[in-house]
Each structure stands twice: as C-alpha cells, then as structure tokens.
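Here's the letter readout for the chains.
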Amino acid sequence: MRYYSTNRQSPIVSFKDATLKGQAPDKGLYFPESIPKMDQEWLKRLSSIRKEELAFHIMYPYVQEDISEEKLYEIIHATIAFEFPLIRLEDDIYVLELFHGPTLAFKDVGARFMSRCLGHFSNDKDTKTTVLVATSGDTGGAVANGFLNVEGVEVIILYPAGKVSRVQELQLTTCGNNITALRVNGSFDDCQQIVKEAFMDQTLRDRLQLTSANSINIARWLPQQLYYFLAMQQWAEKQIAPSIAVPSGNLGNIAAGLLAKKSGLVTNNFIAACNINDTITDFLKTGVHTPKQAVMTVSNAMDVGNPSNLIRIFEMYQQDLGQLIEDLTSSVQTDESTLKTIRSVYQKNNYILDPHGAVGYNALKENLKKGEKGFFLATAHPVKFPEVMEDAIGASIPVPPSIELLYTLSQKVIDIDASYMHFKEWILYRS
Ligand SMILES: *Cc1c(COP(=O)(O)O)cnc(C)c1O
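Because the structure is predicted, anything quoted here is derived from the model rather than measured. Residue numbers restart at each chain and count upward from 1, following the sequence in its written direction. Local features are withheld for residues below a pLDDT of 70 in this predicted model, meaning they are given only at 70 or higher, and side-chain atom pairs are given and counted only at 80 or more; totals for whole chains, interfaces and linings count all residues. Side-chain metrics rest on all non-hydrogen atoms present in the structure, leaving aside hydrogens and water.

Engineer: It is not clear to me how the overall build of the protein chain should be interpreted in this structure. Could you clarify?
Structural biologist: Numbering goes from the N terminus for both helices and strands, where a helix is a DSSP run of H or I of at least four residues and a strand is a run of E of at least two. Of the regular secondary structure elements, the protein chain holds 20 helices and 13 strands. Using C-alpha atoms as the atom set, the radius of gyration is obtained and then compared with a globule rule of 2.2 Å times the number of residues to the power 0.38. Taking 2.2 N^0.38 as the reference for a compact globule, 431 residues should give roughly 22 Å; the C-alpha atoms of the protein chain span a radius of gyration of 21 Å, in line with that estimate. Each principal axis of the C-alpha atoms in the protein chain carries an extent, and together these give about 65 × 50 × 40 Å.

Engineer: Would you explain the pairing of strand S6 (residues 153–160) in this entry?
Structural biologist: Every other side chain in a regular strand lies on the same face of the sheet, so the side chains alternate between the two faces. Per-residue accessibility, obtained with a 1.4 Å probe over protein chains only, is compared with the maximum for each type, and a residue is labelled buried under 20%, exposed over 50%, and partly exposed between these values. Most of S6 is tucked away: 8 of the 8 residues are buried. Burial along S6 is two-sided: Val153, Val155, Ile157 and Tyr159 and Glu154, Ile156, Leu158 and Pro160, pointing in opposite directions, are all buried. The crossover handedness rule: strands pointing away from the viewer, path from first strand over the helix to second strand clockwise, crossover right-handed. Taken together, strand S5 (residues 129–134), helix H6 (residues 138–147) and S6 constitute a β-α-β crossover, and its handedness is right-handed. Here 6 bridges tie S6 to strand S7 (residues 179–185), and the two strands are oriented parallel to one another. Considered in S7, the bridge of Ile156 is made with Thr180. In terms of handedness, the path from S6 via helix H7 (residues 166–173) over to S7 forms a crossover that is right-handed. A strand pair is defined by DSSP finding two or more bridges across the two strands.

Engineer: Explanation requested: the site of the ligand in the structure shown.
Structural biologist: It suffices for a single heavy atom of a residue to lie within 4 Å of a molecule or strand for the residue to be listed as near it. Surveying the vicinity of the ligand reveals 15 residues, the closest of which are Lys107, Gly249, Asn250, Leu251 and Thr379. Here a polar contact is taken to be a pair of N or O atoms separated by no more than 3.5 Å, where protein atoms must pair a possible hydrogen donor with a possible acceptor and residues adjacent in sequence count only if both atoms sit in side chains. Between Leu251 and the ligand, the recorded distance is 2.8 Å, taken from a backbone N or O atom to an oxygen atom. Within the backbone of Gly252, a nitrogen or oxygen atom sits 3.1 Å from an oxygen atom of the ligand. Each residue is assigned to one of three groups, with Ala, Val, Leu, Ile, Met, Phe, Trp, Tyr, Cys and Pro labelled nonpolar, Asp, Glu, Lys and Arg labelled charged, and all others, Gly among them, labelled polar. For the shell around the ligand, a count of residues per class yields 6 nonpolar, 7 polar and 2 charged.

Engineer: Can you walk me through the UniProt feature "modified residue: N6-(pyridoxal phosphate)lysine" (unreviewed entry) in the protein chain in this structure?
Structural biologist: With numbering matched to this structure, UniProt assigns "modified residue: N6-(pyridoxal phosphate)lysine" (unreviewed entry) to Lys107. Relative to the assigned elements, Lys107 resides in helix H5 (residues 107–122). You can call Lys107 buried: its relative accessible area is 15%. The contact rule is simple, with two residues in contact once any of their heavy atoms fall within 4.5 Å. When near neighbours in sequence (up to four residues on either side) are disregarded, Lys107 contacts Thr139, Ala142 and Arg220. UniProt positions are given in the numbering used here, feature names are shortened, and annotations may be inferred rather than shown by experiment.

Engineer: Whenever I open this one, the state of the cysteines confuses me. Can you help?
Structural biologist: Covalently bonding the sulfur atom of one cysteine to the sulfur atom of another cysteine gives a disulfide. In plain terms, two cysteine sulfur atoms within 2.5 Å form what is called a disulfide here. By the definition in use, this model includes 0 disulfides. In this structure Cys175 is a free cysteine whose sulfur lies 17 Å from that of Cys191, the closest cysteine sulfur available. Of the residues examined, Cys175 reaches a relative accessible area of 17% and is grouped as buried.

Engineer: Hey, could you run me through the environment of His356 in this one?
Structural biologist: The topology assignment puts His356 in helix H17 (residues 355–367). We classify His356 as buried; its relative accessible area is 1%. The sequence separation of His356 and Pro247 amounts to 109 residues, and the corresponding C-alpha distance is 5.9 Å. Only 3.5 Å separates the side chain of His356 from the backbone nitrogen of Asn300, close enough to count as a polar contact.

Engineer: Where do I start with the nonpolar core in this structure?
Structural biologist: Nonpolar side chains in soluble globular proteins tend to end up buried together. In these notes, a set of buried Ala, Val, Leu, Ile, Met, Phe, Trp, Tyr and Cys residues joined through side-chain atoms within 4.5 Å is what counts as a nonpolar core. Of all hydrophobic cores here, the largest spans 97 residues; its most connected members are Tyr3, Phe15, Leu328 and Phe375. Discounting chain neighbours no more than four positions away, the residues touching Phe15 are Met1, Tyr3, Tyr62, Val63, Asp66, Ile67, Phe113, Cys117, Phe121, Ile218, Ala219 and Leu222. Formed by 34 residues, the second largest nonpolar core is a distinct cluster that contains Val95, Ala273, Leu339 and Ala358.

Engineer: Looking at this model, I keep getting lost on the packing of helix H3 (residues 51–63) against helix H4 (residues 69–79). Mind explaining?
Structural biologist: Packed helix pairs are specified by the crossing angle of their axes together with the interaxial distance, meaning the distance between the axes. In the contact formed by H3 and H4, the axes pass within 10 Å of each other and the chain directions differ by 125°. Here H4 runs oblique to H3, going by the angle between their axes. As H3 runs across H4, the sense of the crossing is right-handed. Each of Glu52, Glu53, Ala55, Phe56, Met59, Tyr60 and Val63 in H3 lies in contact with H4, whose residues at this interface are Glu69, Leu72, Tyr73, Ile76 and His77. Its residues assigned to classes, the contact of H3 with H4 comprises 8 nonpolar, 1 polar and 3 charged. To define axes, lines are fitted to C-alpha atoms, for helices over the stretch in contact only, and angles between the resulting N-to-C directions are given on a 0 to 180 degree scale. Should an angle lie under 35 degrees it is considered roughly parallel, over 145 roughly antiparallel, and from 65 to 115 roughly perpendicular; all remaining angles are considered oblique. Put simply, a crossing is left-handed when the front helix is turned counterclockwise from the back one by less than a right angle, and right-handed when it is turned clockwise.

Engineer: Looking at this structure, how should I read the sheet that holds strand S10 (residues 270–274)?
Structural biologist: Two pairing modes exist for strands in a sheet, parallel and antiparallel, and in both the strands are linked by backbone hydrogen bonds. If you walk across this open sheet you meet the 6 strands as S3-S4-S12-S9-S10-S11, and the pairing is mixed. In this open sheet, the two strands that pair with only one neighbour each are strand S3 (86–88) and strand S11 (328–332). Recorded for the sheet is a direction-independent mean angle of 25° between the axes of neighbouring strands. Pairing between strand S4 (residues 93–97) and strand S12 (residues 374–378): 5 bridges, direction parallel. Residue pairing across strands places Ile93 opposite Gly374, the latter belonging to S12. Sitting on the sheet, helix H12 (residues 252–262) is in contact with strand S9 (243–247), S10, S11 and S12, with an inclination near 180° to S10. Packed on one face of the sheet, helix H13 (residues 279–286) meets S10 and S11 and runs near 140° to S11.

Printed below as a string of structure tokens:
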C-alpha cells in the first residue's frame, strides 16, 4: 500500500514514511491509494475468528511492504491485549466499551500500534525518533503509556499547567524513562503552537527526527477501524445491520469506522455524536467546512472546532456529499442533556456512562428508527471525570487498581514558559 497526501502536492510515500513524517509536507493528510475489500464469506465467519487473526487480516494490506508478517503479529498482539466488550443496555441499544486499555481511553489502541511501528522503524537506524505531542488530557496519557520503553523513540509531551485533571497529570508525569513531560505555563493552544513551530523549525528538524502522535498520523488512525470489526464479531442480531454512534471530536474514530464500512463491513448508518462543537453538522448540509472556535464542555475530549479528519472522510467519498450523507449523519448534545442522560441511564439501567459515552447514547437513541438497532462507543472510563460524575449521579466511582497505583509513583516534570524560544533552548541544550 502507498499513501498520497489529500492536498496532492507531496510525493506518494510508503507506510513507513507516512508514519515517520506524520503530516504530509503540503499540510495534507496521508490517505491509502486504495481501500482493501474484505471477502464477504470471511466477514460472515467473523465471530469464529480470534481477535488477533482478525486484526492481522485487516491491517496487513496497509503495512505489508514495510512490516513482516511475524512482526505485525507481534505488534498486534501487544496492541489489542485487552477486552472490547459489546454489552446490551436496552432492547435496541448496545454499548461497545473501549476503555479497558491501560489509560482507560480508546486512544490506547492507536497509540500502542503507532508506538510499536515507530520502534520497529527506528531499529535499523542510529538516530532516535522524537515524538512531540501537545495534549489537553487524554492523548498524552495514551501516548506516554503506549511509547513507554519503546527503543529508539523518545516522547516529549506538552500540557497546560493546571488545566488537566489529576489522574491525567499523573498518567503523563509518572512514566519517566523515554517519556518527558513538559508543563507549560499557558493554555492548550500555547502547547499546540509550540509543537507547530517546532515542526517548521529547520534547525530542529536537522538535529532531530521529529514526528507527531495525534490521529493525523496514519499509524494511529488506521488501527481504529478494528473496533468496528471487533464489535461486529459480537453483534448477535444477525438480521439487522446496526446503526453506530461515535462520540466525535477530531473525527478520527468515525473516519476509521467509515473506512471499515468501505472495506465491506455491513452496517447501517454512522452518527457523529457531538457536543455543541459540531462543525460537522453544517458541513453535511453544505459541503463547506467552516472551522469554529472550540467551546468548553463536560465532554472535553470532543471540544474541537476544526476537526482534522473531516478531510479524510470527504476523500473516502470522493467529495460526493450525496453519497456521504447516505452513510453519515450528525447529532448535537448539550451539557445539560448529557448530565441528565448519565443520571437516567444510571437509575434505569444501573450503568455508568462517562460524559463522552453519554453523548453517544443520546445520539443513537435520537436517530434509531422503528425496527432498527445499534450500538454506541463508550470512549473513556467514567473514573477519569470524577467531578462531572459526582455532579451527575452524586456518587463517586470506584477507582480501578491501575489508577490507584498512579498515586504511589513519583512524578517528574519540567516547567517551561509558553514561549517557543524557551522550548527550543531546552530541547537543544538539555543534557
Ligand atoms: C479523543 C476522544 C474522542 C474523540 O475522538 P476523535 O477521533 O477525535 O473524534 C472521544 N472521546 C474520548 C474520551 C476521547 O479521548
């Protein structure tokens, strides 16, 4: 498989180069030259296939020129070494729990896959790869954990002082080894600005092999399609193709779901479940993408005003809005309805939704027509949002052992100003 840039002004590259570069030089996103079609007979047998076999079968065509079969098996084994249960909540509504990974967020799968690919590609070189990532919370933890002790790769995470939750900060700062946490005296936008300037700085690029680890990176984006195959493996309503609601921010996850559909997975429509930052709604009406300033909500991982993967979705449908809206709709949820939903689902179903999952639940419920069934994705564990949960259900969530352990580890953090010059000095002259 080769990858082209959605802006079409950059050379076509291999999986390896697309992963090492992150974003294409013309600022487009890398996209596969063709979408592999899965055999329908194979898809019918999904439920009898081991999850590692399944994942290997899906991912192999995307990487085969750069990763051997044996190595890919090894990477996949480490990537999906936890559960992805599909649980029935109501007669027509199921939840796909994606929070059983080490940092309790769905981003674990993409981060683990990408880190192992990068480690593999860095093996045959003397130079280290440096992953730079700005985080408002969840991404940093998944990336830190996924890259911990991966040889040949160092990770530098920038996060805004005082603006991530306690658990999130512990996940960033207790790894040590090849993971460095920089606490920036500023906002998330300041962190992102520093990362952007670093990528444009030729001095830095000459000295370091830099790459990014957000869903722009093909190696983080592609493995997300596995969720949908893993869900269908467990889907018991064989006569009904499910509608699927995906809590959405940068639209990486739902773009991967649509990719799975294009590969032959039989589903009903997809619903982009958004909080009030729903730029996708206007886009689906007009075909024109108008970025907005993001507004803070209780489902903060989805507070994105300029979703980067929208371009991949449109590319997949060859810029045909009519075709796209046959497969994709959107739904917008206010914080008020999200909190109300957490409360009512807790009372009615004795099930604790996190704020992102609650947006997904509502979006699905509103969009299911008579006779239809579906599932929504629960993208994070509720324990990561103790303040919101306390508000919504008046109870605190039992803390899993993996989180309790964090409180016993020592933290290591470097404070920097929200200034690119300060960052550059640090990165070039650190010992
Ligand atoms: C990142 C994230 C999302 C949004 O996923 P996108 O791929 O950016 O659309 C939703 N929920 C949680 C908990 C997240 O961390």
